[in-house]
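Structural overview for review
Read off the chains here:
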Amino acid sequence: MKLNERSLAFYATCDSPADNAGFLYKRGERHTAYHRRWFVLKGNMLFYFEERESREPVGVIVLEGCTVELCDSAEEFTFAIRFGGAKSRTYVLAAESQAAMESWVKSLSRASFDYLRLVVRELEKQLEEMRGGPAGGRGGCRQPPGSWKPKPSGPERSPERLPALPAALPKENGCAVWNNVPGVDRSPDTSGCGRHDGEGNPRPPPLPPRRRASSSEAGSAGAAAAESPSIFFRLHERYGQEVARLRQDWLDRRRGPQ
């Protein structure tokens, strides 16, 4: 695998947060002496420097296809990074304390993409089981599609109460008259064309004469009535697709990156 040295040096010394950092003792490949180096773990790359203030790393270890395990050595708190293959190198490192060794072994074991892939699969499995609800043997709750409703941002307002109407409205000539409802103030008639009977009660306005629709108007009304279902169907389908797309976007944002 080819790596760009400048890109690696910039990534090792940039301000991006490190998963772990500290001094470790690294055993040489040819000489068995241990050298104190400053190690920085970022993602699946383990950089090591001669000093903490060094601008460029001495080397890098790509943590893919390897295992991290404790090993027996004359030095205390020793562990090794082993790669598969006959000619692969084994990196032997030693920490300064038991707590530091455990921290490095844990962080190095979780740095590879293979481990992250297993974690993602396990989380996806748990998510599917939770979505199954009680039928799947778990206590997860699943909302039926379309049951989610956005909550209002402001304080909830109680619906305004309308004045109660009487059980039976007063009628004049067989027609209900709204202005005669008890408890409702009637606005004074300023049109000058109001009619009253002998007792002072308002008379209903005369009914307008019935008008017969012509054949052309009847045809246009029938065509409009025939066309309205198709228009409603198209509108319903269009807005239904929009609602489905918005709901899918909301579900994707709720799941988060995978």
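The following refers to the structure shown. (Residues numbered from 1 in each chain as written. Predicted model: local features only at pLDDT ≥ 70, side-chain atom pairs only at ≥ 80, totals over all residues. Heavy atoms only, no water.)

**Some words on the sheet that holds strand β7 (residues 91–94)**
Reading across the sheet, the seven strands line up as β4-β3-β2-β1-β7-β6-β5 and stay open at both edges, with antiparallel pairing between neighbours. Two strands close off the open sheet at either side, each with one partner strand: β4 (59–62) and β5 (66–70). Strand after strand, the sheet turns through a mean of 35° between neighbouring axes, direction not considered. Where strand β1 (residues 20–27) lies against β7, two bridges are found, and the strand directions are antiparallel. (Pairing = 2+ DSSP bridges. Helix = DSSP H or I, 4+ residues; strand = E, 2+ residues; numbered from the N terminus. Axes fitted to C-alpha atoms, helices over the stretch in contact; angles between N-to-C directions.)

**Looking at the nonpolar core**
Within the largest apolar cluster, 18 residues are counted, with the highest numbers of intra-cluster contacts made by Leu 46, Leu 63, Phe 79, Ile 81, Trp 104 and Leu 108. Ranked by the residues each element gives to this core, the list is headed by helix α2 (residues 98–109), at four residues. If near-sequence neighbours (up to four positions away) are discounted, Leu 63 is found in contact with Leu 41, Asn 44, Leu 46, Ile 81, Leu 108, Ala 111 and Ser 112. In this structure, Leu 8, Val 40, Met 45 and Phe 49 belong to the second largest nonpolar core, which totals seven residues. (Core = buried A, V, L, I, M, F, W, Y, C linked by side-chain atoms within 4.5 Å. Buried < 20%, exposed > 50% of the residue type's maximum accessible area, 1.4 Å probe, protein only. Contact = heavy atoms within 4.5 Å.)

**Here we look at the pattern of salt bridges**
In the structure shown here, the tally under the stated rule is six salt bridges. One salt bridge in this structure joins Asp 114 and Arg 117, with 2.8 Å as the shortest N-O distance. One end of the pair is Asp 114 and the other is Arg 117, both in helix α3 (residues 113–132) and three residues apart, which spans about a single turn. Given the relative accessible area of 39%, Asp 114 is considered partly exposed. Overall, the relative accessible area of 41% leaves Arg 117 in the partly exposed class. The salt bridge involving Glu 242 is made with Arg 245; its shortest N-O contact spans 2.6 Å. Taken together, the positions of Glu 242 and Arg 245, both in helix α4 (residues 215–255) and three residues apart, correspond to about one turn of that helix. Residue class for Glu 242 comes out partly exposed when judged on its relative accessible area of 33%. (Salt bridge = Lys/Arg side-chain N within 4 Å of Asp/Glu carboxyl O.)

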